[in-house]
Amino acid sequence: MSGGILVLDFGGQYKELIARKVRELSVCSEIRPGSVSANEVRRLAPIGIILTGGPNRVYLPEAPKCDPEILSLGIPVLGICYGMQMLCHMLGGEVSQAGTGEYGRVKVTPGAGDPFMALMSHRDAVTRLPDGFHVTARTGACVAACENAARKLYGVQYHPESAHTEGGREFFRKFLYDICEAAGDYRLDDCIDRQTQAIKRTVGQEKVLLALSGGVDSSVCAALLSKAIPGQLICVFVDHGFMRLGEGDEIERIFSKRKLRFIRVNAAARFSGKLKGVTDPETKRRIIGEEFIRVFEEEAAKLGKIPYLAQGTIYPDVVESGGAYGAAIKSHHNVGGLPETLAFYGVIEPLAGLFKDEVRTLGKKLGLPAALVNRQPFPGPGLAIRVMGEATEAKLDVLRHADAILREELDRLRRRPDQYFAVLTGTRSVGVKGDDRTYEPVIALRAVTTGDFMTCEYAPLPHRVLGRISSRITSEIPSISRVVYDITSKPPATVEWE
């Protein structure tokens with residue numbers, strides 16, 4: 001990665017946003033565990049290093065720390081939140097628990113320039129700076145930024161990678177171009193070339209089996225693979241019975257016309273049987289993930305020896321399934337669900353280092369239609385994890401119709417949210433239809449706005465639109481008499497309910 005930025009991960013939930021911000025500014029970025037050695041850093045030859053935030057207390061013996069030699073390589077280093085505390089602690093400063101923590105948007109006052117609002121999330125704080133450092137910004141409760149410019153070492157307690165921090169993009173621009181002297185030559189076209197060559201080297205003349213869901217990630221993966229190894233790709237669409245209304249037929253119409261070998265496997269009964277009586281969401285994900293692989297193994301056996309399985313895994317999938325020091329938030333069917341007895345020789349994930357917006361851009365560059373590239377994210381386990389509790393066919397039918405109504409109404413808006421869907425909650429509510437009392441499940445609506453799908457805000461939909469959707473759902477679906485709207489952002493919630 002010579003010429004790029006090395007992001008060392010200490011368990012921060014926003015580490016992928018840091019890498020994405022850097023790439024947005026046309027500089028290559030790569031995330032590695034915080035335990036990487038100084039020798040490995042020398043080999044990678046980055047122009048700058050960013051130390052991420054993390055959940056640990058830096059002064060405890062077991063707290064993760066970087067190789068001390070990294071701070072003496074002469075490479076510019078920026079510590080963010082825990083990264084700043086670690087930087088100061090390792091160089092002889094003092095970090096301790098503050099009297100009060102700072103969470104949310106906080107006013108930061110720099111030594112030069114106007115105050116600004118920044119996202120803070122910390123209880124510990126730097127209480128004494130190392131020799132050679134000086135304060136460059138404060139809040140009412142802590143040192144907000146510090147530096148030792150002579151050694152090219154910088155730290156900020158706030159999160160400039162967050163959209164909630166004013167001037168965050170300009171902050172990174174100054175670090176990348178003024179301090180690290182970046183060339184600004186990172187392009188997604190280069191990613192296409194690199195991955196094309198890597199796939200060719202790995203696969204040779206062998207066949208590859210791809211799980212094609214029809215979503216953005218698997219579709220872009222198919223386009224990239226077909227470019228790299230034309231004639232060697234077999235796309236299998238497993239219809240697990242948890243798709244949205246009419247979606248299975250739509251996927252078949254789109255991809256059966258493309259220059260791919262397209263196979264549709266109708267496995268709804270098989271998946272339904274595996275989930276009978278299952279209510280825990282993580283168990284659902286693991287079962288569906290393993291069953292996906294079993295189906296692919298069987299299809300591969302019918303087709304002859306196919307050594308490689310391809311997946312449309314993207315970077316947020318990997319991050320949310322657990323990192324070097326981070327706790328897993330939830331498993332993803334195409335990451336944590338892989339069984340140990342995988343029958344394929346290898347797994348190819350050419351999009352695993354890309355964010356959602358980069359995947360969409362890549363899809364356009366590969367010639368995919370805009371309607372497909374701009375499609376909303378849809379979880380691999382489908383509606384099975386949007387039905388709270390056991391996903392019976394009756395519940396799935398109710399949810400399909402409610403979700404279709406929501407999407408039909410919001411698709412009419414000139415400015416639509418980035419993602420929207422319905423959830424069949426496990427809560428039952430009393431209602432009245434005609435002269436009869438009802439006691440049926442509650443439908444929850446979810447709509448969010450986001451630029452990266454790692455954080456989001458709930459979409460403030462007009463009440464008239466919400467009212468129309470609620471009226472249609474309760475009128476057109478006999479078993480539903482109550483509809484609610486989820487107004488929780490991420491964090492603290494996730495986009496999905498399960």
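Residues numbered from 1 in each chain as written. Predicted model: local features only at pLDDT ≥ 70, side-chain atom pairs only at ≥ 80, totals over all residues. Heavy atoms only, no water.

### A short note on the sheet that holds strand E14 (residues 346–348)
Logical step 1: Spatial ordering of the open sheet is given by E12-E11-E10-E13-E14, a layout of 5 strands whose pairing is parallel. Strands with a single pairing partner mark the edges of an open sheet, and in this sheet they are strand E12 (261–266) and E14. Within this sheet the neighbouring strands show an average axis-to-axis angle of 25 degrees, counted without direction.
Logical step 2: Here strand E11 (residues 233–239) runs beside E12; their pairing, made up of 6 bridges, is parallel. Across the sheet, residue Ile234 finds its bridge partner in E12, namely Arg261.
Logical step 3: Contacting strand E10 (208–211), E11, strand E13 (308–310) and E14, helix H6 (residues 216–228) runs over the sheet at an angle of about 160 degrees to E10.
Logical step 4: Helix-sheet contacts for helix H9 (residues 281–303) involve E10, E11, E12 and E13, and the interaxial angle to E11 is about 135 degrees. (Pairing = 2+ DSSP bridges. Helix = DSSP H or I, 4+ residues; strand = E, 2+ residues; numbered from the N terminus. Axes fitted to C-alpha atoms, helices over the stretch in contact; angles between N-to-C directions. Contact = heavy atoms within 4.5 Å.)

### A look at the packing of aromatic side chains
The relative placement of two aromatic rings is captured by the distance of their centres and the angle of their planes.
Logical step 1: Tallied over the entire structure, the rule returns 8 aromatic pairs.
Logical step 2: When the centroid spacing of 5.8 Å and the interplanar angle of 85 degrees are considered together, the rings of Phe171 and Phe172 count as edge-to-face.
Logical step 3: Residue Phe171 is classed as partly exposed on the basis of its relative accessible area, which comes to 23%.
Logical step 4: Residue classification places Phe172 among the buried residues on the basis of a relative accessible area of 0%. (Phe/Tyr/Trp six-rings, centres within 6.5 Å; stacked < 30°, edge-to-face > 60°. Buried < 20%, exposed > 50% of the residue type's maximum accessible area, 1.4 Å probe, protein only.)

### What to know about the pairing of E11
Logical step 1: For E11, a buried count of 7 out of 7 residues is recorded, marking the element as mostly surrounded by other parts of the structure.
Logical step 2: In terms of handedness, the path from E11 via helix H7 (residues 247–255) over to E12 forms a crossover that is right-handed. (Right-handed = clockwise from strand over helix to strand, strands pointing away.)

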